[in-house]
Amino acid sequence: MYLPQVFLFAGCLCLIGSHAFAEDDFTASFRLRGGFDSNPLFSTGQGSGSAFVAADTALAAGTKADGYTLGVAAEASTTHYARPLLTPSRGGKVILRGSIGDDDLKLDSTSTIADTSTYNLRSTDLIQSVRAEARYGAIKLFGTAEGGRSSLNQTNAIFQDFLPDPQQYLRGTLIPGVSLVSGKSELGASVNLSVRHYLQEFDVFGYRRSNERVQPFLFAKYRGDAVTAFVSVSRLYGRWHDPDFTNVDRTLFNASLNWRAAPFRIDLTAWRRAGETTFPISPITIETAYSVKVSWTAEPKVTLAASVGYAASDYLDSPFHARTLTCGVGASRDIDDDLTLGIDVAYAKGSLISGDDVNGLVITSSITKRFSPKPPEPTKRAGV
């Protein structure tokens, strides 16, 4: 763990300790899962699969006063398999947020630490972001400055394992923008100006991966009582320092729609974004995903759900790609206000970057415990 992570996590603990007992400023959950995965590594030659046990936890705490807000959010997860040769997966994230000002003029600060370790990915991100926002009637002006340090290591076809050393880079970003706000709707435009500088001029394969990017955006938002929607379209222009990498010119998008009409809820998402990669002959990947989830509250304490999703990864400057189609069903029952039992079945099939077809089935049961402060009991008057 990097030294800044230690201090940031300590700050989170202090914030939680200072405000966890105030009213409506703390919530947390813990989920224990167990089940069977027929293809834990989602690859060929997996054999008989494995049973697994997993734990997920999340918390959020904060305080709000006149002119400022402070908050912390944290999440962590781990999965262990019964087969000893299978690599456990672990992940965690801590986010510190602070805000001063009001709707007319506001300054936000966000500090993020994220770490992931799985059978095919090891990544760490340290990110600091500052955003300023001003309102002039219906016009909103905003700007974001962000800096970060990242470490990325992935399995690859050449070494048949992780790289000897992770790729590490610094990132700087500026995002100026303007939008028009009317009631529950917002329409705007922005541009993302970013630079990535790798700490080593050449990676292990001899490529220069440092690059500069310009990405103009158009976006729209709507937040209603029953419907929430967001859509953005952008064009990514990227210039790489290595002549063997083709400069990038791609259209990207991000869209979501949430519709709530009791007892049903429908969530739609679609996005295409650029992903970092250590793949030897590709500057980046283009990741595309579509998903639909439908939930039905059959009874006040019983919820049924079904989902389907499609994901694609395209490795630029190469013919390689990967595709995955997933579908799943699940049911949950609230035992009381803060305890829920669940069962889920998911099936996935797809094609790997090697061209091989694979599939897998996951059956999971879970129990989730939620924690939140109880509202104070009303004070009784004397003589009552």
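These figures come from a predicted structure and were not determined experimentally. (Residues numbered from 1 in each chain as written. Predicted model: local features only at pLDDT ≥ 70, side-chain atom pairs only at ≥ 80, totals over all residues. Heavy atoms only, no water.)

Now for the packing of aromatic side chains. Under the defined criterion, the tally for this structure stands at 8 aromatic pairs. With centroids separated by 4.9 Å and ring planes inclined at 55°, the aromatic side chains of Phe279 and Tyr315 adopt a geometry described as tilted. Note that Phe279 is positioned in the loop between strand E13 (264-275) and strand E14 (285-299) and Tyr315 in strand E15 (residues 302-315), a separation of 36 residues in sequence. The burial state of Phe279 is the same as that of Tyr315; both residues are buried. Among the aromatic residues, ring-to-ring pairing joins Phe279, Tyr315 and Phe320 into one connected group. Positioned over the ring face of Phe162 is Arg122, at 3.8 Å from the centre of the ring. Cation over ring: Arg273 sits above Trp271, and NZ or CZ is 3.6 Å from the ring centre. (Phe/Tyr/Trp six-rings, centres within 6.5 Å; stacked < 30°, edge-to-face > 60°. Helix = DSSP H or I, 4+ residues; strand = E, 2+ residues; numbered from the N terminus. Buried < 20%, exposed > 50% of the residue type's maximum accessible area, 1.4 Å probe, protein only. Lys NZ or Arg CZ within 6 Å of the ring centre and 35° of its normal.)

Another point: a nonpolar patch on the surface. Taken together, the side chains of Trp259, Phe264, Tyr290, Val292, Val294, Trp296, Leu304, Val308, Tyr310 and Leu325 make up a nonpolar region of the molecular surface, amounting to roughly 830 Å² of accessible area. Where the nonpolar patch is concerned, the elements lending two or more residues are E14 and E15. Per element, the largest residue contribution to the nonpolar patch is 4 residues, and it comes from E14. Position of Trp296 relative to the elements: it lies in strand E14. Residue classification places Trp296 among the partly exposed residues on the basis of a relative accessible area of 38%. (Patch = residues over 30% accessible without salt bridge, like charges linked within 9 Å, V, L, I, M, F, W, Y side chains within 5 Å. Areas by Shrake-Rupley, 256 points an atom, 1.4 Å probe, with all protein chains shown as cover. Salt bridge = Lys/Arg side-chain N within 4 Å of Asp/Glu carboxyl O.)

The next point concerns the confidence of the model for the protein. Per-residue pLDDT for the protein averages 90, and the proportion of residues at 70 or more is 90%. The model gives residues 1-23 a pLDDT under 50, and that stretch makes 32 contacts with residues more than four places away or in other chains. Contacts of residues 380-384 to residues separated by more than four positions or lying in other chains number 0 contacts, the stretch itself having pLDDT below 50. (pLDDT = per-residue confidence, 0-100. Contact = heavy atoms within 4.5 Å.)

So, on to the nonpolar core. In terms of nonpolar packing, the biggest core is built from 9 residues, these being Tyr207, Leu236, Trp240, Phe245, Val248, Leu252, Ile284, Ile286 and Leu316. For this core, the elements supplying multiple residues, two or more each, are strand E11 (227-240) and strand E12 (248-261). Setting aside residues up to four positions removed in sequence, Phe245 forms contacts with Tyr207, Arg208, Arg209, Trp240, Pro280, Ile281, Ser282, Pro283 and Asp317. (Core = buried A, V, L, I, M, F, W, Y, C linked by side-chain atoms within 4.5 Å.)

Another point: the pattern of salt bridges. Charged atoms that come close allow side chains of opposite charge to pair. For the structure on display, the rule yields 16 salt bridges. For Glu133, the salt bridge goes to Lys140, with nearest N and O atoms at 3.9 Å. An identical accessibility class is assigned to Glu133 and Lys140; each is buried. Residue Asp314 is joined to Arg323 by a salt bridge in which the shortest nitrogen-to-oxygen separation is 3.0 Å.

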